Amino acid sequence: MTTLLLAGAGAVGVRAARQLLDTSGVDRVLVSARPSAHADEVATVLGVEVVPFGSIPDGVDAVALAVPGPAAVPLARQAVGAGIPVAAACDDRDAVTGLLALDADARARHTIVVAGCALAPGLTDVLARHAADALDRADEIHVARAGAAGEACVTALRRSRRDRPVEWSEGAAREERRLGPELVWFPDPVGARECVTVAAPVETLHDAVPTVQRAIVRAADVPAPKRRVFGSRRPRDEEWGAARVEVWGSRGGAREGVVYGVIEHPAVAAGTVLAVAAARIAGLLPEVRLRVDEPGARGLGALVEPPPFLAELARRGVKAAAFEGAPAS
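All of the points below concern the structure found in this document. Please read these numbers as outputs of a predicted model, since none were measured by experiment. (Residues numbered from 1 in each chain as written. Predicted model: local features only at pLDDT ≥ 70, side-chain atom pairs only at ≥ 80, totals over all residues. Heavy atoms only, no water.)

With respect to the nonpolar core
And step 1. With 89 residues, the main nonpolar core has Leu 123, Ile 141, Leu 274, Leu 300 and Phe 309 as its most contacted residues.
And step 2. Once residues within four sequence positions are removed from consideration, Leu 123 is found in contact with Ala 118, Val 262, Val 273, Leu 310, Leu 313 and Val 318.
And step 3. Listed in part, the 28 residues of the second largest apolar core include Val 60, Ala 72, Leu 99 and Leu 100. (Core = buried A, V, L, I, M, F, W, Y, C linked by side-chain atoms within 4.5 Å. Buried < 20%, exposed > 50% of the residue type's maximum accessible area, 1.4 Å probe, protein only. Contact = heavy atoms within 4.5 Å.)

Observations regarding the packing of helix α3 (residues 69-81) against helix α4 (residues 93-100)
And step 1. Packing of α3 against α4 leaves a shortest axis separation of 8 Å and a crossing angle of 10°. Between α3 and α4, the angle is such that the two are roughly parallel. Touching Gly 69, Ala 72, Val 73 and Ala 76 of α3 are Ala 95, Gly 98 and Leu 99, all from α4.
And step 2. Taken together, the residues that form the contact of α3 with α4 break down as 5 nonpolar, 2 polar and no charged. (Axes fitted to C-alpha atoms, helices over the stretch in contact; angles between N-to-C directions. Helix = DSSP H or I, 4+ residues; strand = E, 2+ residues; numbered from the N terminus. Parallel < 35°, antiparallel > 145°, perpendicular 65-115°, else oblique. Nonpolar A, V, L, I, M, F, W, Y, C, P; charged D, E, K, R; others polar.)

Thoughts on the sheet that holds strand β6 (residues 112-115)
And step 1. Reading across from one edge, β3-β2-β1-β4-β5-β6-β15 is the order of the 7 strands in this open sheet, with parallel pairing throughout. A single partner strand is all that each edge strand has here, and the edge strands are β3 (49-50) and β15 (296-299).
And step 2. Relative to strand β4 (residues 62-65), strand β1 (residues 2-7) runs parallel, the two being bridged by 4 bridges. Within β4, the position partnered with Leu 4 by the bridge is Ala 62. (Pairing = 2+ DSSP bridges.)

As structure tokens, this is what we get:
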């Protein structure tokens, strides 16, 4: 019997729970959230069990975290201490850095921590690895994102736009001066958006493509939701989001670029990515092959082989494509 614990019942958590319930081999899904009343509501709708927030019952095979960054690292540390693998959807730079810092503990406990299992970081890291595999050698990555999955994601995104940008250069993550806005073309219906460089966890991009010499992430602003005629607000998880991944390098002696894109409701994409990652580290979905099958903490792009992972996402409705429109998997 395979049991997964999902911490968080917001926009991403609800969608991750639905995906886990639809995953072959998952026998039991436990949900915890703060406030507990929200977890009870989600449990009633989805037919899952509720456990107290912050607790990890016996018999849990993997933990999926869909909670804000400050709560993710303590929960992950608790799971690692119990020898339970963890996948986390947070995109906050401090949280992802904290999750990656659990590497030594994860190795000692013979378990796995997968940091940044969302749209970006997460799916974008897998797409970067996929693009790099099409080149003889990849040395530069440019990621751009638009949209956010819920209010916690909005808060993290706006903070990353305010903080000093972080790039991967000269073999390390470094703070850089802010560049001016750049117009980035995303797939329709998102279209062109002005994006700025942000304080992103670029370490996961380097994990995915170790040969990269420069990696940079840009993000569009998230405007306040427009009011409807009757004054209600459109939920953020119903809004479209997108990501664009551009990888440059050499192929056949010439310099070339490969560009992949994805458009989806951010909460749907993040919840699906988190569910597939959590199910895989729980020992399910053997068709999703791993690039590294050993303990430690790493980004999603360093863990999975891109084609089968992208194929599993496509089967669940989250599809990536090459910039010219050809399928990415």
